[in-house]
Structures are given as C-alpha cells and as structure tokens.
Amino acid sequence: MAAHEPAGVPFTLYALRGRVLASNVRGKLVDLGQLAQEGDGSWSYRLDGDQSTGSALGSADEALDHIARTTTFLFMDGQFTALEDLGGAGRPDLAAAAQRAVLLKPGVL
C-alpha cells in the first residue's frame, strides 16, 4: 500500500483595495503585490517578490485564480518568511474581499 501523499499546504489569496494579500494556516497575513483594474475594464497584477504578472484578466476573481495556478509553494513560503504580518489591531477586514483557497505542494516548482 502506498503512503498517503499530502494534498498540499493551504493558503488563502485575497483581493482587497488594489492589493493581493495572502494568509496561511497560522493566520499570518501578508501583502504580495498590486492588483489593478485597467481602463478597458480588465484586471492585472504584479507580485512584489518575484515580479510575476498577469494581465487582461476578466475580474479580480480571475486574477486570484491565475495567481493560484501559477505560484509555487517555495515562492509563497518565502513571502511568509520575509514579509511583515498585517495582523493585529490594523488587520484589514477581509469579509467582503474576493478570495481563493489554494493548496501548494512543497518541493513542486
């Protein structure tokens, strides 16, 4: 019988006030980069850590989907190590933010 392979490490991505945020299972919240609606109505993003981008996306939800499909565990783990927690008294209210749950496999590039 094969050993059970974990599905991945969970993260949640958020689109809030022109930023892409992410949280981990410990509740740490970090700012990953810019999210903008362009003049033609499409959406784009640029992540600060690796300068990855997406453009001509139909909505903030599509931008989060694109990030979820293209980011790696190593990138996300590095961001949670390097970036300051946005938690505490100044933690943004994420209730109305677009969000996407993502499972990222360690060691998968």
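The structure under discussion appears in the preceding block.
Presented here is an overview of the structure given in this document. (Residues numbered from 1 in each chain as written. Predicted model: local features only at pLDDT ≥ 70, side-chain atom pairs only at ≥ 80, totals over all residues. Heavy atoms only, no water.)

1. Description of the pattern of salt bridges
Note on pairing: side chains with opposite charge can pair once their charged atoms come close.
Part 1 of the argument: Enumeration according to the criterion identifies four salt bridges in this entry.
Part 2 of the argument: Among the ionic pairs, Arg19 bridges to Asp31, the shortest N-O distance being 3.0 Å. Here Arg19, found in strand β2 (residues 19-24), pairs with Asp31, found in strand β3 (residues 29-37); they are twelve residues apart in sequence, far enough to count as distant.
Part 3 of the argument: According to the relative accessible area criterion, Arg19 is partly exposed, its value standing at 27%.
Part 4 of the argument: By relative accessible area, Asp31 is classed as partly exposed at 24%.
Part 5 of the argument: Shared partners join several salt bridges into a network, and the residues in it are Arg19, Asp31 and Asp48. (Salt bridge = Lys/Arg side-chain N within 4 Å of Asp/Glu carboxyl O. Helix = DSSP H or I, 4+ residues; strand = E, 2+ residues; numbered from the N terminus. Buried < 20%, exposed > 50% of the residue type's maximum accessible area, 1.4 Å probe, protein only.)

2. Comments concerning the sheet that holds β3
Part 1 of the argument: Strand order in the open sheet made by the six strands is β5-β4-β3-β2-β1-β6, with antiparallel pairing throughout. What marks the edges here is a single partner per strand, and that holds for β5 (53-57) and β6 (98-104). The sheet shows a mean angle of 25° between the axes of neighbouring strands, taken without regard to direction.
Part 2 of the argument: Sheet topology places strand β1 (residues 9-16) next to β6; seven bridges connect them, and they run antiparallel. Of the residues in β6, the one forming a bridge with Phe11 is Val102. (Pairing = 2+ DSSP bridges. Axes fitted to C-alpha atoms, helices over the stretch in contact; angles between N-to-C directions.)

3. So, the pairing of β2
Look at any regular strand and the pattern is simple: side chains alternate between the two faces of the sheet.
Part 1 of the argument: Burial within β2 is extensive, with five of its six residues counted as buried.
Part 2 of the argument: Relative to β2, β1 runs antiparallel, the two being bridged by six bridges. For Ala15, the partnering residue across the bridge sits in β2 and is Val20.
Part 3 of the argument: As consecutive antiparallel partners, β1 and β2 are separated by two residues, and within that stretch Arg17 has a phi angle of approximately 45°, a positive value.
Part 4 of the argument: The sheet contact formed by β2 and β3 spans five bridges and is antiparallel. Pairing of Leu21 across the sheet is with Asp31, part of β3.
Part 5 of the argument: The turn joining β2 and β3, which pair antiparallel and follow one another in sequence, is formed by four residues; a positive phi near 90° is taken by Gly27.

4. Observations regarding the environment of Gly8
Part 1 of the argument: Here Gly8 lies in the segment before β1.
Part 2 of the argument: Counting along the chain gives 95 residues from Gly8 to Leu103, while the straight-line C-alpha distance between them is 4.8 Å.

5. What to know about the side chain of Asn24
Part 1 of the argument: Take Asn24: it is sitting in strand β2.
Part 2 of the argument: A relative accessible area of 15% means that Asn24 is categorised as buried.
Part 3 of the argument: Among the polar contacts made by the side chain of Asn24, one reaches the main-chain amide nitrogen of Arg26 at a distance of 3.1 Å.
Part 4 of the argument: Setting aside chain neighbours within four positions, we find Asn24 in contact with Pro10, Phe11 and Phe80. (Polar contact = N/O pair within 3.5 Å; in protein donor to acceptor, adjacent residues only side chain to side chain. Contact = heavy atoms within 4.5 Å.)

6. What to know about the nonpolar core
Part 1 of the argument: Ranked by size, the top nonpolar core spans 23 residues in total, and within it Leu13, Val20, Leu32, Leu35, Tyr45 and Met76 carry the most contacts.
Part 2 of the argument: By residue number, the principal contributor to this core is helix α1 (residues 60-70), which donates five residues.
Part 3 of the argument: Excluding residues within four positions of it along the chain, Leu13 makes contact with Leu21, Ala22, Leu32, Leu64, Ile67, Ala68, Met76, Ala98, Gln99, Arg100 and Val102. (Core = buried A, V, L, I, M, F, W, Y, C linked by side-chain atoms within 4.5 Å.)

Everything listed is a geometric property; what it means functionally is a separate question.
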